[in-house]
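Examination of the molecular architecture
Residue strings, one per chain:
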Amino acid sequence: MITCSAPGKVYLFGEHAVVYGESAICCAVELRTKVHVEKSESIIIESTLGTTGIDHETHPYVSYAIEKMQQLANIEGVRIRIESELPVGSGLGSSAAVTVATIKALDILYECGLSLEDIAGKAHEIERMVQGNASPTDTYVSTMGGVVMIPQRKKLPLIECPIVIGNTNRFSSTKELVGNVAKLRSEFPEIIEPILSDIGQMSLLAEKLVHENDYETIGKLMNVNQGLLDAIGVGSAELSTLVYAARNNGAISAKITGAGGGGCMVALAGKDSTSAIANAIEDAGGEAIITKNTEEGVRLE
Ligand code: MEV
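The shown structure was predicted, so the numbers you read here are calculated from the model rather than taken from an experiment. (Residues numbered from 1 in each chain as written. Predicted model: local features only at pLDDT ≥ 70, side-chain atom pairs only at ≥ 80, totals over all residues. Heavy atoms only, no water.)

Glancing now at the sheet that holds strand β11 (residues 287-291). Strands pair in a sheet through their backbones, by hydrogen bonds, and they do so in one of two ways: parallel or antiparallel. Here four strands make up an open sheet; going across it, the order is β9-β10-β8-β11 and the pairing antiparallel. Looking along the sheet, the strands with just one partner apiece sit at the ends: β9 (251-257) and β11. Taken over all neighbouring pairs, the strand axes of this sheet differ in orientation by 20° on average, direction set aside. Summarising the sheet, β9 and strand β10 (residues 264-269) pair through six bridges and their orientation is antiparallel. In the strand pairing of β10, A254 is matched with A267. Here helix α7 (residues 215-231) sits on the sheet in contact with β9 and β10, set at roughly 35° to β9. (Pairing = 2+ DSSP bridges. Helix = DSSP H or I, 4+ residues; strand = E, 2+ residues; numbered from the N terminus. Axes fitted to C-alpha atoms, helices over the stretch in contact; angles between N-to-C directions. Contact = heavy atoms within 4.5 Å.)

What follows is about the side chain of Q131. Residue position: Q131 is located in helix α3 (residues 116-131). For Q131, a relative accessible area of 12% gives the class buried. A polar atom in the side chain of Q131 sits 3.1 Å from the side chain of Y61. Residues in contact with Q131, not counting those within four places in the same chain, are Y61, S95, T174 and K175. (Buried < 20%, exposed > 50% of the residue type's maximum accessible area, 1.4 Å probe, protein only. Polar contact = N/O pair within 3.5 Å; in protein donor to acceptor, adjacent residues only side chain to side chain.)

For the rest of this paragraph, the subject is the packing of α3 against helix α4 (residues 137-144). Contact pair α3 / α4: the axes reach a minimum separation of 8 Å and the direction vectors enclose 150°. If you check the angle between α3 and α4, you find them roughly antiparallel. For the element pair α3 and α4, the recorded crossing hand is right-handed. Note on element contacts: α4 touches α3 through D138, T139, Y140, T143 and M144, opposite L116, E117, I119, A120, A123, H124 and E127. Here the residues of the contact of α3 with α4 are counted per class, giving six nonpolar, three polar and three charged. (Parallel < 35°, antiparallel > 145°, perpendicular 65-115°, else oblique. Left-handed = near helix turned anticlockwise from the far one by under 90°. Nonpolar A, V, L, I, M, F, W, Y, C, P; charged D, E, K, R; others polar.)

In structure tokens, the structure reads:
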């Protein structure tokens, strides 16, 4: 049996804007999806969602990953078991992580010899098939790990302060939210395009700040990014409640991460404020996850 794992991610800057070619900064976090694969009589996919064969409704990412790898190897029967620390539909990149880890595990089991670039590319094609207009960010970061600037594909130094995630536990559909932003942008291009471009500018400014470990200034900009995400309609009352709970309890910054609507927010924690932020998120009705970023992308366990 082969087991591979791939990390989830949080966005410091740039979700949604990155779909239109603007820059984003995203970091892999130490929350992983593990995929176990072994040869078998037939194709079996097992997860908390159920046990299926190829099934584009229940297991779309894994089903497309198997079909893509069937173009390279004779995959007739394989048993795939998924275990994840990443809640589905929460903005933490669970779909990218499961896709990347499945491709890597099948690559090793069937000796296809894919490079990391190949894996990231194939995973991005699958996200596009399932979600429509998906940027390469989630799949690239999950494959390569670290703090990454997209579309430049530039690795930045790791962030040294702790990261606290607040999960609203409200499922959010990336496809739907990306579609809503596209609609708003086509209705009001002269208003929405500059907002998306401002978000991209923040990522460009933040590149230098990440190199300088200037988390205070990064935090100020992340808070501005939060305001602009609200402006393009991807906020929610629950997300805002968690954002303010974190900010009022020592967070340097707090914003939505991922598609928004529901899902998660992310806070950079100030010195010694990690537990206070986590407690405040829980008291405000969210689920707090204390984590850190990681240099490690997809790996063989
Ligand atoms: C979703 O994690 C991030 C979005 O920017 C969509 C994408 O980049 O594909 C909303």
